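So the chains spell out like this:
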Amino acid sequence: MVRIDGKGNGTALVRVRNLDKKYVRGTEEIHVLQGLNLDVDAGDFVAFMGPSGSGKTTLLNLLGGLDLPTSGSITVAGDEITKLSAGSLTSWRARHVGFIFQLYNLIPVLTAFQNVELPLLLTKLSKAERRKHVETALAVVGLTDRMGHFPRQLSGGQEQRVAIARAFVADPTFLLCDEPTGDLDRKNADEIMEIIDRLVREHGKTVLMVSHDPRAAERARFVLHLDKGVLMEAAKAGAGT
Amino acid sequence: MAIPVVYNVRSVVQRWSSAIVAVLGVAGTVGVFVAMLALAQGFQATLIASGSPGNAIVRRAGADSEMVSAIALEEMRTIEDAAGVARDARGPLASGEVVVIAAFPLARTDTEANVQVRGVSPRVLDVRSNVRITAGRFFQPGLAELILGSNAIKSYEGFVLGGTVRFGGGTWKVVGVFDAGGSAFDSEVWCDANVLNEIYKRPTNIFQSVTVRLESPSALARFKDALTSDPRLSVQVDRETDYYRAQSRTLTDLIRVLGFLIALVMGVGAVFAALNTMYSAVAERSREIATMRALGFGSGAVVSSFIVESLFIALIGGVLGCLAVLPMNGFTTGTINWQTFSHLAFAFRITPGLLLRGLGFALLMGLVGGVPPAVRAVRRPVAVALRGL
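Residues numbered from 1 in each chain as written. Chains lettered and ligands numbered in written order. Predicted model: local features only at pLDDT ≥ 70, side-chain atom pairs only at ≥ 80, totals over all residues. Heavy atoms only, no water.

**Student:** Please set out the overall build of chain B residue by residue, giving values where relevant.
**Tutor:** Secondary structure assignment for chain B yields twelve helices and 16 strands. By the compact-globule yardstick of 21 Å for 389 residues, chain B is too spread out, its C-alpha radius of gyration being 29 Å. Seen through its principal axes, chain B has C-alpha atoms that stretch 95 × 50 × 30 Å. When burial is assessed residue by residue, chain B has 53% of its 389 residues classed as buried. Look at the contacts in chain B between residues 6 or more apart in sequence, and 78% of them connect residues 24 or more apart. In chain B, the 35 positive side-chain charges and the 28 negative ones have mean positions that sit 13 Å from each other. (Helix = DSSP H or I, 4+ residues; strand = E, 2+ residues; numbered from the N terminus. Rg over C-alpha atoms; globule rule 2.2 N^0.38 Å. Buried < 20%, exposed > 50% of the residue type's maximum accessible area, 1.4 Å probe, protein only. Contact = heavy atoms within 4.5 Å. Lys, Arg positive; Asp, Glu negative; His and termini not counted. Charge placed at Lys NZ, Arg CZ, Asp CG, Glu CD.)

Here it is in structure tokens:
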């Protein structure tokens, strides 16, 4: 269940309260997010839509602990991340967040296997256990035969699938997707959304996604609109229910 | 856990054109650094090799070198009879010696260079066991005959076995060649001390130093005590190796200081090259760095990673610099020995220790050139860097 009225019962996986984010550019103060409230339960798939500059990516960065709010709080699985130090926030990200970026953000000099293995290097898993996890993750995204390939040897769709495998291989609390289909053609975009959808349906992952693409957003169980820093409405999408 | 090293290695390989400036800068600096130290080491080793730990050299008290020393014949007899001096059936193993400087044309440049001519006792080969005749024979005592060091015969015009040489107002016959194991004696010319004194019209009962073979290296203290406590003598005694080490100090220190200065100036240039390479690496890879940090790699891991990369580049440069100067090992050159004002041939001496120092210097340059860019890599806000702004 997703709520934006700030009246959640406290069992939500992600709990945002009175979130404000302002930037100062020269003498101008830009109010990107204003008094935002949000409750997302575990296993939900939420899409944030809205025009450019509406604050979608800023919200995602705040939820992922990549940025700090001007005021307000974010609590994920009981941890109030807005109170964590920079070092603690980094460790928290390693344990709880899987990022999927628009431009894949794979490390070009590492193979698909090594890219997917990166988050596991921050765990206590042995080398053999890491290998097993990476192979499983790449099998889930259908790239078992591309493990030794470098990003430049993969198509855009394949790169994004590697990025998805990297995002969930360490079994994070939730996945944050920033325009995951924004750089792909329709066919590849559909394939990527199918994989993300499968992660929610079959593996119980919680996904928060920013997208301009209505067809991608259709896959989400909930679609929230963000306009001028305010969450305007919550709608239930058809495909994801 | 650290970012895998393979990331840095492959990044360097991928950006080789950018890294090559830093690699060459470090290689050149390390090459010069090692070469200068090898020069100093070679000079010092050549002089130290001239001495034997089982020998002692006696000079007049206060004389820094043989050149300014004088020991009378009766003093020499006292020294020969002192405790600790080795003896055989023919008597004590001691060599009273005199040195003069004579100018001869260098074969390579045809310019004149000073050669140290050493007048020695007929027992010198028993005293200096590292010296052996390799061609011809030893000089006949009382005759104007010369034996030439193995470097001397190669270095000077007119030094031919069986030939004659004029200097000091006399004509000398070259009767032999000796090898002194790569020591400073190899650059010298030896003859009978008494004949040398006569030809140079010096008093025949005066020597400049006396070198004795000790009963054992540990007999030095006994020998020294015997001489210094004898009221008839006013001499100073040193182990031969210590004497030659002290003789080499002025020039080796000078070469080392010059070497360090040159390496320092070049090192500053190499550090700037490394800084430039690493700053551009950080700039080009800001999105990769941000991605790693988003994944949960901490600031320390990122800083370490870029320092490792800088060290890797420096290490390649260091290895190349060492390899470039390695062929110089054993290459013979010459200089003036400032203590004797004579020409001394010696070889560059590149030891494993010197190569390790070269590599250490390379890594130091890598560290200095790597830290500021590494720190910059983690200063940029992750969210901003992820957008590639």
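**Student:** Outline the packing of aromatic side chains, listing residues and values.
**Tutor:** All names here are of chain B. Counted by the stated rule, this structure contains 16 aromatic pairs over all chains. With a centroid separation of 4.6 Å and 35° between ring planes, the pair formed by Phe-33 and Phe-361 is classed as tilted. With Phe-33 in helix α2 (residues 16-50) and Phe-361 in helix α11 (residues 352-379), this residue pair connects regions lying 328 residues apart in the sequence. On the accessibility criterion, Phe-361 (15% relative accessible area) is buried. Through a chain of ring-to-ring contacts, three or more aromatic side chains come together here, namely Phe-104, Tyr-156, Phe-159, Phe-167, Trp-172 and Tyr-200. (Phe/Tyr/Trp six-rings, centres within 6.5 Å; stacked < 30°, edge-to-face > 60°.)

**Student:** Give a detailed account of the interface of chain A and chain B, specifying residues and quantitative values.
**Tutor:** Counting from both sides, the interface comprises 21 residues of chain A and, opposite them, 21 residues of chain B. Summed over both sides, the interface between chain A and chain B buries roughly 2100 Å², with carbon and sulfur atoms accounting for 68% of that surface. The three residues of chain A that bury the most area against chain B are Val109(A), Leu121(A) and Leu122(A), which together make up 26% of that side's buried surface. For the interface between chain A and chain B, the tally reads zero salt bridges. Between chain A and chain B we count five residue pairs in polar contact (both at pLDDT 80 or more) in total. With three residues, helix α2 (residues 86-96) of chain A is the largest single contributor of residues to the side of chain A that touches chain B. Here the side of chain A that touches chain B is built from residues that sort into 14 nonpolar, five polar and two charged. (Buried area = accessible area lost by both parts, 1.4 Å probe. Salt bridge = Lys/Arg side-chain N within 4 Å of Asp/Glu carboxyl O. Polar contact = N/O pair within 3.5 Å; in protein donor to acceptor, adjacent residues only side chain to side chain. Nonpolar A, V, L, I, M, F, W, Y, C, P; charged D, E, K, R; others polar.)

**Student:** Account for a nonpolar patch on the surface, naming residues and giving values.
**Tutor:** A cluster of nonpolar side chains, contributed by Leu254(B), Val257(B), Leu258(B), Leu261(B), Ile262(B), Leu264(B), Met266(B), Val268(B) and Phe272(B), occupies part of the molecular surface with about 780 Å² of accessible area. Of note, Leu254(B) is situated in helix α8 (residues 240-284). (Patch = residues over 30% accessible without salt bridge, like charges linked within 9 Å, V, L, I, M, F, W, Y side chains within 5 Å. Areas by Shrake-Rupley, 256 points an atom, 1.4 Å probe, with all protein chains shown as cover.)

**Student:** So what about the pattern of salt bridges? Which residues, and what values?
**Tutor:** Pairing between side chains becomes possible if they bear opposite charge and their charged atoms approach one another. All names here are of chain B. Going through the model one piece at a time under the given rule, you end up with 33 salt bridges over all chains. In this structure, Asp-126 engages Arg-123 in a salt bridge whose closest nitrogen and oxygen atoms are separated by 3.2 Å. Among the residues examined, Asp-126 registers a relative accessible area of 30% and is labelled partly exposed. One salt bridge in this structure joins Asp-230 and Arg-232, with 2.8 Å as the shortest N-O distance.

**Student:** Any details on the pairing of strand β2 (residues 14-25) of chain A? Residues and values, ideally.
**Tutor:** All names here are of chain A. Here β2 runs beside strand β3 (residues 28-40); their pairing, made up of nine bridges, is antiparallel. Residue Lys-22 lies in a different strand from β3, and its bridge partner there is His-31. Adjacent in sequence and paired antiparallel, β2 and β3 are bridged by two residues, among which Gly-26 carries a positive phi angle near 70°. Two elements, β2 and strand β5 (residues 71-76), share five bridges in a ladder whose sense is antiparallel. Looking at the pairing, Val-16 lines up with Ile-74 of β5. (Pairing = 2+ DSSP bridges.)

**Student:** Tell me about the packing of α8(B) against helix α10 (residues 299-325) of chain B, and please be specific about residues and values.
**Tutor:** Residues and elements named next belong to chain B. α10 packs onto α8 with a crossing angle of 140° between their chain directions and a minimal axis gap of 11 Å. In terms of axis orientation, α8 runs oblique to α10. For α8 against α10, the interelement crossing comes out right-handed. Between α8, through Thr-277, Met-278, Ala-281 and Val-282, and α10, the contact on the second element is made entirely by Phe-306, Glu-309, Ser-310 and Ile-313. Taken together, the residues of the contact of α8 with α10 sort by class into five nonpolar, two polar and one charged. (Axes fitted to C-alpha atoms, helices over the stretch in contact; angles between N-to-C directions. Parallel < 35°, antiparallel > 145°, perpendicular 65-115°, else oblique. Left-handed = near helix turned anticlockwise from the far one by under 90°.)

**Student:** Before we move on, could you go through the layout of surface pockets and cite the residues and values that matter?
**Tutor:** Its volume calculated, the largest pocket comes out at about 1200 Å³. What lines the largest pocket is a set of 49 residues, and nearest its centre among them are Thr57(A), Asn61(A), Ala383(B), Val384(B) and Arg387(B). Among the secondary structure elements, those contributing two or more residues to the lining of the largest pocket are β2, β3, α1 (56-63), α2 and β8 (174-178) of chain A together with α9 (286-295) and α12 (382-386) of chain B. Here the residues of the lining of the largest pocket sort into 21 nonpolar, 18 polar and ten charged. (1 Å grid on protein atoms, 1.4 Å probe; cavity = no way out; pocket = protein on both sides within 12 Å on 5 of 7 lines; lining within 4 Å. Points joined across faces, edges and corners; volume = space filled by probe spheres on them.)

**Student:** Which residues make up the packing of α8(B) against α11(B), and what values go with them?
**Tutor:** Each pair of packed helices can be described by the angle between their axes along with the distance between the axes. All names here are of chain B. The geometry of α8 relative to α11 is characterised by a closest axis approach of 8 Å and an angle of 35° between their N-to-C directions. The crossing of α8 and α11 is right-handed. On α11, the residues that touch Phe-260, Ala-263, Gly-267, Ala-270, Val-271, Ala-274, Leu-275, Met-278, Tyr-279 and Val-282 of α8 are Arg-357, Phe-361, Met-365, Val-368, Gly-369, Gly-370, Pro-372, Pro-373, Arg-376 and Ala-377. Grouping the constituent residues of the contact of α8 with α11 by class yields 15 nonpolar, three polar and two charged.

**Student:** Give me α1(A): which residues, what numbers.
**Tutor:** Residue pairs spaced three or four apart in an α-helix point in one direction, given the helix's 3.6 residues per turn. Counted residue by residue, α1(A) has seven buried out of eight residues, so it is predominantly covered. Two residues or fewer past α1(A), Gly65(A) is found with a positive phi of approximately 70°.

**Student:** Pulling in residues and values, what's your account of unusual backbone geometry?
**Tutor:** Positive phi, normally seen in glycine, also occurs at Glu179(A), with a value near 50°. The phi dihedral of Lys201(B) is positive, around 55°, even though this residue is not glycine.

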